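Residue-level listing of the chains:
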Amino acid sequence: MEPAGRHVHTTTGGKLVISCGPPRKRFPDPKTRNKEDDELVIYTDGACYRNGKEDAQASIGVWFGPKHTLNISKVIALDQRQTNNTAEILAAVEAVKQSRVIGNRKVRILTDSELLVNGWNISIPMWQLNGWKNAAGNPVKNRPEFTMLIEEVARTPGLSLEIEHVPGHGDSVGNVGADALAVMAIRKYVDKKNDELWMHGPNVEPLVYVRSIYGNKRERTNMSEIERVIIEESCQEVQERNER
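Residues numbered from 1 in each chain as written. Predicted model: local features only at pLDDT ≥ 70, side-chain atom pairs only at ≥ 80, totals over all residues. Heavy atoms only, no water.

Here's the deal with the overall build of the chain
Along the chain, the regular secondary structure elements total five helices and seven strands. Helices (α) and strands (β) of the chain occur, in sequence order from the N terminus, as β-β-β-β-β-α-β-α-α-β-α-α. Among the 244 residues that make up the chain, the fraction classed as buried is 47%. Considering only contacts within the chain whose residues lie at least 6 apart along the sequence, 66% involve residues at least 24 apart. About 13100 Å² of surface is accessible on the chain, with carbon and sulfur atoms providing 50% of the total. (Helix = DSSP H or I, 4+ residues; strand = E, 2+ residues; numbered from the N terminus. Buried < 20%, exposed > 50% of the residue type's maximum accessible area, 1.4 Å probe, protein only. Contact = heavy atoms within 4.5 Å. Areas by Shrake-Rupley, 256 points an atom, 1.4 Å probe, with all protein chains shown as cover.)

Listed below in C-alpha cells is the structure:
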C-alpha cells in the first residue's frame, strides 16, 4: 500500500489536509537541495534490540546522504516506548527537525515502515475524528509518537511533508544507509552494555544482537571510522547489485 504522490500538510490547528499529486520518479540528491522551493528527500529507519521484551532498546537512523553531517544514528530516550514501531515514527520526527537546518519547505521521507506510511497518509485524520481510537474502538498505540510528528511539522509554517514507502533491504541506497545507521546505534548500545557486564567478571553472559563489527569487543576502535566503513560498504553493495 504505497500512496504515491500523496502530500500531507498541517494547519495551525494541527489538523491534517491531504491532497494528491503525481508521483515523482527521480529522487534528487538531498545534499544539493538547499532552496526553500526544492524538495528535500530523507530516508529513515528504526531498529529495536529485543523488540517486545522488557529490556528492549530501540534506535533510529536518518539518512540524508553519504557522509552527510545531518545523518542521525542514536538510540531513543528511555522515557519512550522501546519498540520498532516507535523508532520508525520517531525517526521521521528527527528527520523533520533536521530539515529545518537546510530550510526546505517541501520534505519527502522514504521509509520501509507501512505503519508510518499508512498512519500518516490515511489513518491520522480518522483517528483524530474518533478521539484517537482505531477502527476497533481501541486507543491508538502510537498516538504519542504520531502527535509528536504532527506537532513537529506544525513548528515550520508552510511545511509540506510527504511520506512514501520504499521496500526494505532492497536496491535503495538510502534505505540501506538509514538501516545501517539504526543498526549501528544498537550495536554501540549492546557493546557498551557488554563493557559494563565485563566489569562484573568474565563469567557474565554477554548481550548478543548481531556479530560485532569491532572484532574483539575489548579493542577500542574509532567510532567515526566504523560509521564510514558500514555505510560505504552498504552503499557499495547496493550499487554493485544494481549494475548486474
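Text resumes after the structure shown.
Notes on the pairing of strand β7 (residues 160-165)
Across the six residues that make up β7, a large majority, six, are buried. What you see with β7 is no split at all: S160, E162 and E164 on one side and L161, I163 and H165 on the other are buried throughout. Alignment of strand β6 (residues 106-111) against β7, held across six bridges, turns out to be parallel. Considered in β7, the bridge of K106 is made with S160. (Pairing = 2+ DSSP bridges.)

Quick word on the confidence of the model for the chain
Per-residue pLDDT for the chain has a mean of 76; in total, 64% of the residues score no lower than 70. Of all the helices and strands in the chain, strand β2 (residues 16-20) carries the lowest mean pLDDT, 41, while helix α3 (residues 143-154) carries the highest, 96. This model gives residues 1-28 a pLDDT under 50, and the stretch forms 69 contacts once residues within four places in sequence are excluded. pLDDT under 50 marks residues 30-34. Its contacts with residues more than four places away, or in other chains, come to 13 contacts. (pLDDT = per-residue confidence, 0-100.)

Considerations on unusual backbone geometry
Of note, the phi angle at K67 is positive, near 60°, even though the residue is not glycine. Secondary-structure assignment places K67 in the loop between β4 (57-63) and β5 (72-75). For K67, a relative accessible area of 60% puts it in the exposed group. The phi angle at W132 is positive, at roughly 60°, despite the residue not being glycine. Assignment of secondary structure puts W132 in the loop between α2 (114-129) and α3. For W132, a relative accessible area of 10% translates into the label buried.

Some thoughts on the packing of α2 against α3
At a closest axis distance of 11 Å, the pairing of α2 and α3 adopts a crossing angle of 90°. If you check the angle between α2 and α3, you find them roughly perpendicular. Across from L115, L116, G119, W120, I124, W127 and Q128 in α2, the residues of α3 making contact are F146, L149, I150 and V153. (Axes fitted to C-alpha atoms, helices over the stretch in contact; angles between N-to-C directions. Parallel < 35°, antiparallel > 145°, perpendicular 65-115°, else oblique.)

Describing the nonpolar core
Counting residues in hydrophobic clusters, the biggest one holds 35 residues, and the most contacted among them are I109, W120, L149, L161 and I163. Elements represented by at least two residues in this core include exactly β3 (39-49), β4, α1 (84-102), β6, α2, α3 and β7. Among the nonpolar cores identified, the runner-up in size contains eight residues, and W63, L110, V166 and A178 belong to it. (Core = buried A, V, L, I, M, F, W, Y, C linked by side-chain atoms within 4.5 Å.)

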